[in-house]
Amino acid sequence: VLPGRTPQRAMADATQPVAVPSVQRYPVSFHYFGEATSLPVKIQKASFHVCPAPTIGQNLIRLELTVLNDCHPGDIAGKLKLPLPPGATVCRFEFLRNEKWYPATPVEAKKAKEVVYKEKEKGRSVAATSQTQGNVFEIEVSPLKYQVPSQCRLWYSHSDTEVPFDFGADTTVEVKHEGPEGALCSPPSGPGACLGECFGQMHFACYVPFSPVAASGAPKSVAVLWDTSGSQAGDHLALRFERLRQLAAKCPDTRFEVWSFGIGMKKESSGPGTAEEAISLLGALRYDGGTDLTLVPKILESLGSATEAVMLFTDGMDNLDRRPMLPASCPPVHCVVDQASVNLPFLSSVCLSTGGHVLKADYLPMLRPQTTLSGIQTDQVGEDFVMGEDGFVCCPDHRLHLQWPIGEEGVWICGIRGGVRKLSIQLRAGKDLKEYGFDLGTAPEVAAGAAPLLGYLFARQQYAAVERDGAVMGMDLTKVRADLAVKYGFCTPESSLLMLYDSEQFVENGIDCPKEHPAHAKWKAETAGASPEIKKGEIGEPKTEEQMNVVSRLAEELQRYVQTPIPPQAARSDHLERCARNRMASGAPELPREEEELRCLFTAREEQRRRAAVACRRDEAQAFHAFQAFAAARAAAAEEEEEQRRREEQ
């Protein structure tokens, strides 16, 4: 492996020479953020260890990074920014410290932010892995000692045939494979199944390939919803216009209605027009600002009944991470995914809940009816099927009447095997019904390194099902998604991977220490038969009576400041008289009345401005401290209520 080579080129060097396909590249960056600067942290080596599951076309990949702090003397915390391919997610993260690997602990995102704040205030090492937006993950790594190589590693899964990352020119990249094939697995052309022991149970996964449906009648009216935020500008716009022309060539009678949205929304066209007219309008748009996805349901509600399909052009990343609910009755929404950084889970849930397609290449699939998963049958009998007493769990749920749309990548049926041996899966492609049978009793077991992949796939399928159900039913199932992510330990917008090092950190924050953590034995001894002590008055804990009095006083001062930010002016005559007395006492000569009045007015205004400025600075500081105290009190109260609710549930 040569320095500066991408993983893709490294694999080509290791095997036969192949043509490198044109794929989206994802730059990996490592930075140290100072008070006024951002300095890059050198990535010396990137090692990929691939554990494939060939029969289902999935890969569990461990990325190990060796980084060097050569930019700042002393111990620092570096932030790794890692964009992953759409659909992939970070499953696990570890950091090497004192020759021991420390695993991160999955917790809810809100809890992780609170713990990170508390631990940093106490001066202790802490870090968190979070999904910032779309498929971009940020991981804080510490401590990075000056001129001493540090190592960290993370796991993620995907089904692509590429490892599309770009590192610096001085980075050595290597790819190792556990499987005999010596290459990443891509989705196979035929069905397949496998088993694997993970998370204390035998998991299974079955893959069913996509069956296309012949194109049906083209929609007569299509609404184009176009995101005009700053992130949408780029070279991909020309490709979008070309694909719109290809779509129009297949359905020349279709008319297009153009809407734009960003922070606000606007109907760009006076009425439905041709594809060229729509492209002309789209080409004149300007891109700036952020994205408010709550405008999408409002646009859908504004569409007329004649609209038969909607094309949504956006990366799905809202400024405030909002996930709006779509109207109950709306035409199929087809989401275009053609950028490196997209919120694929949200866009997929929009398509699943409305009957639309995820358009990753050309737009012709929207002319075809959906291929759907219509049923899953097992060899269960009686109570095993109804109550699941044999331990079999499946996602999608085999006991339901299914109409689960399938994309061009196919579908993975995952779960816990239990006592089931035979499995039959039905796909409906238009009028055709296809059936695929699997024998889990003879299905091969994956290697030990790839076994956790089946548990992650099962969790991701459940997560997607919850997203789809929430979108269809108009319910907020954030708590369900968070519990699922924490159970299986993968990173989502609702959960983070929290890095703690000492048993005291776990005890004080009420977090269970993982068994493989070096501090697990000490934590277990300290928590045996004891509950964590709640210390009133500390950061994140309930306030003492004295602290609450301070908060109340500052809140009253803030309210007074909001009502009267500038002190009332002194009466003009009183001020003139006071100035005259001061001049007489100092022995200064008398001034004419008009000159005295002007001078006093000028002096009074200058004094007034000075006092107002001083008062404003003081009140702003008090208001800021009051807001901080109030926010901390609210967070502590919410945490206390949540803890009380959990205790009552237990």
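Residues numbered from 1 in each chain as written. Predicted model: local features only at pLDDT ≥ 70, side-chain atom pairs only at ≥ 80, totals over all residues. Heavy atoms only, no water.

Visitor: Any chance you could explain the pairing of strand β12 (residues 150-158) here in plain terms?
Guide: Walk down a regular strand and you will see the side chains alternate between the two sheet faces. Buried residues dominate β12, accounting for eight of its nine residues. Pairing of strand β5 (residues 58-68) with β12, which is carried by nine bridges, proceeds in the antiparallel orientation. Bridge pairing in β12 links leucine 65 to cysteine 152. As paired elements, strand β7 (residues 89-97) and β12 share six bridges and run antiparallel to each other. Opposite valine 90, over in β12, you have tyrosine 156 as the bridge partner. (Buried < 20%, exposed > 50% of the residue type's maximum accessible area, 1.4 Å probe, protein only. Helix = DSSP H or I, 4+ residues; strand = E, 2+ residues; numbered from the N terminus. Pairing = 2+ DSSP bridges.)

Visitor: Help me understand the nonpolar core, please; the structure alone is not making it clear to me.
Guide: Side chains that are nonpolar tend, in soluble globular proteins, to be buried together. Within the largest apolar cluster, 49 residues are counted, with the highest numbers of intra-cluster contacts made by Ile56, Phe204, Cys206, Leu373, Ile413, Ile425 and Phe438. Counting residues per element, this core draws most heavily on helix α8 (residues 451-473), at nine residues. Residues contacting isoleucine 425, with those up to four places away along its chain left out, are Cys206, Val208, Leu373, Gly375, Ile413, Lys434, Glu435, Tyr436 and Phe438. Grouped together as the second largest cluster of nonpolar side chains are 36 residues, Ile43, Val50, Leu144 and Phe167 included. (Core = buried A, V, L, I, M, F, W, Y, C linked by side-chain atoms within 4.5 Å. Contact = heavy atoms within 4.5 Å.)

Visitor: Whenever I open this one, the packing of aromatic side chains confuses me. Can you help?
Guide: Each aromatic ring pair is described using two quantities: the centre-to-centre distance and the angle formed by the ring planes. Per the counting criterion, the structure on display carries seven aromatic pairs. Aromatic pair phenylalanine 199 and tyrosine 456: ring centres 5.7 Å apart, planes at 75 degrees, arrangement edge-to-face. Placement of the pair is phenylalanine 199 in the loop between β15 (192-198) and β16 (201-208) and tyrosine 456 in helix α8, with a sequence separation of 257 residues. Of the residues examined, phenylalanine 199 reaches a relative accessible area of 40% and is grouped as partly exposed. Their ring planes at 80 degrees and their centres at 5.8 Å tell us that phenylalanine 313 and tyrosine 363 sit as a pair that is edge-to-face. Of this pair, phenylalanine 313 sits in strand β20 (residues 309-313) while tyrosine 363 is found in the loop between β22 (358-359) and β23 (371-378), placing the two residues 50 residues apart along the sequence. The buried category is assigned to tyrosine 363, whose relative accessible area is 1%. Through pairs of rings, three or more aromatic residues link up here, namely Trp226, Phe241, Phe313 and Tyr363. For arginine 92, the ring lying beneath its charged end belongs to tryptophan 155, and the centroid distance is 5.4 Å. Sitting over the ring of tryptophan 101, arginine 153 keeps its end group 3.8 Å from the ring centre. (Phe/Tyr/Trp six-rings, centres within 6.5 Å; stacked < 30°, edge-to-face > 60°. Lys NZ or Arg CZ within 6 Å of the ring centre and 35° of its normal.)

Visitor: It is not clear to me how helix α6 (residues 344-354) should be interpreted in this structure. Could you clarify?
Guide: Owing to its 3.6 residues per turn, the α-helix brings residues three or four apart onto one side. The element α6 is largely enclosed, with a buried count of eight among its 11 residues. All buried positions along α6 are accounted for by Leu344, Phe346, Leu347, Ser349, Val350, Cys351, Leu352 and Thr354. Looking one or two residues past α6, glycine 355 carries a phi angle of roughly 85 degrees, positive in sign.

Visitor: Help me understand the sheet that holds β22 in this model?
Guide: Judged by pairing direction, the sheet is mixed, and its six strands sit side by side in the order β19-β18-β17-β20-β21-β22 without closing on themselves. The sheet terminates laterally at β19 (265-267) and β22, the two strands that pair on one side only. As paired strands, strand β17 (residues 221-227) and strand β18 (residues 255-261) are joined by seven bridges and run parallel to one another. Bridge pairing links aspartate 227 to phenylalanine 261 in β18. Sheet contacts for helix α5 (residues 295-302): β17, β18, β19, β20 and β21 (333-336); angle to β18, the most-contacted strand, approximately 145 degrees. (Axes fitted to C-alpha atoms, helices over the stretch in contact; angles between N-to-C directions.)

Visitor: For this particular structure, what's the right way to read the environment of proline 86?
Guide: Positionally, proline 86 belongs in the loop between β6 (76-83) and β7. With 253 residues separating them in the primary sequence, proline 86 and glutamine 339 have C-alpha atoms 9.2 Å apart.

Visitor: I tried to follow the environment of phenylalanine 199 on my own but got confused; where do I start?
Guide: Here the alpha-carbon distance between phenylalanine 199 and lysine 487, two residues 288 residues apart in the chain, equals 9.7 Å. What phenylalanine 199 contacts, discounting residues up to four positions off in sequence, is Pro452, Gly455, Tyr456 and Tyr488.

Visitor: Would you mind showing me how to read the confidence of the model for the protein chain here?
Guide: Keep in mind that low pLDDT regions are not for reading the predicted coordinates in detail. Of the residues in the protein chain, 78% have a pLDDT of 70 or more, and the chain-wide mean is 79. Long-range and interchain partners of residues 1-23, a stretch whose pLDDT sits below 50, account for 46 contacts in this model, where long-range means more than four residues apart. Every residue in residues 568-572 is under pLDDT 50, and counting partners more than four places away or in other chains gives four contacts. (pLDDT = per-residue confidence, 0-100.)

Visitor: Sorry if this is basic, but what is going on with the packing of helix α3 (residues 236-250) against helix α4 (residues 275-283) here?
Guide: In helix packing, the relevant descriptors are the interaxial angle and the interaxial distance, both defined with respect to the helix axes. One can describe the packing of α3 onto α4 by two numbers: an axis separation of 10 Å at closest approach and a directional angle of 165 degrees. Taken together, the axis directions place α3 and α4 in an arrangement best described as roughly antiparallel. The handedness of the crossing between α3 and α4 comes out as right-handed. Facing α3, whose interface residues are Phe241, Leu244, Arg245 and Ala248, α4 presents Ala275, Glu276, Ile279, Leu282 and Gly283. (Parallel < 35°, antiparallel > 145°, perpendicular 65-115°, else oblique. Left-handed = near helix turned anticlockwise from the far one by under 90°.)

Visitor: Would you mind going over the pairing of strand β4 (residues 42-53) with me for this structure?
Guide: For β4 and β5, the ladder comprises 11 bridges, and the chain directions are antiparallel. Residue pairing for β5: alanine 46 is matched across the bridge by leucine 65. The antiparallel hairpin formed by β4 and β5 contains four residues in its connecting segment, where glycine 57 sits at a positive phi of about 65 degrees.

Visitor: When you look at the pattern of salt bridges in this model, what are you seeing that I'm missing?
Guide: When the charged atoms of two side chains with opposite charge come close together, those side chains can pair. Inspection of every chain in the model, using the stated rule, returns 19 salt bridges. Of the charged contacts in the structure, one is a salt bridge between glutamate 508 and arginine 124, with a shortest N-O distance of 2.8 Å. Highlighted residues: glutamate 508 in helix α10 (residues 503-509) and arginine 124 in the loop between α2 (109-121) and β10 (127-133), separated in sequence by 384 residues. Overall, glutamate 508 belongs to the partly exposed group, its relative accessible area being 31%. Residue classification places arginine 124 among the partly exposed positions, given a relative accessible area of 24%. We note a salt bridge from arginine 421 to aspartate 439, for which the minimum N-O separation is 3.3 Å. One end of the pair, arginine 421, is in the loop between β26 (411-416) and β27 (422-429); the other, aspartate 439, is in strand β28 (residues 432-439), and 18 residues separate them in sequence. You can call arginine 421 partly exposed: its relative accessible area is 38%. (Salt bridge = Lys/Arg side-chain N within 4 Å of Asp/Glu carboxyl O.)

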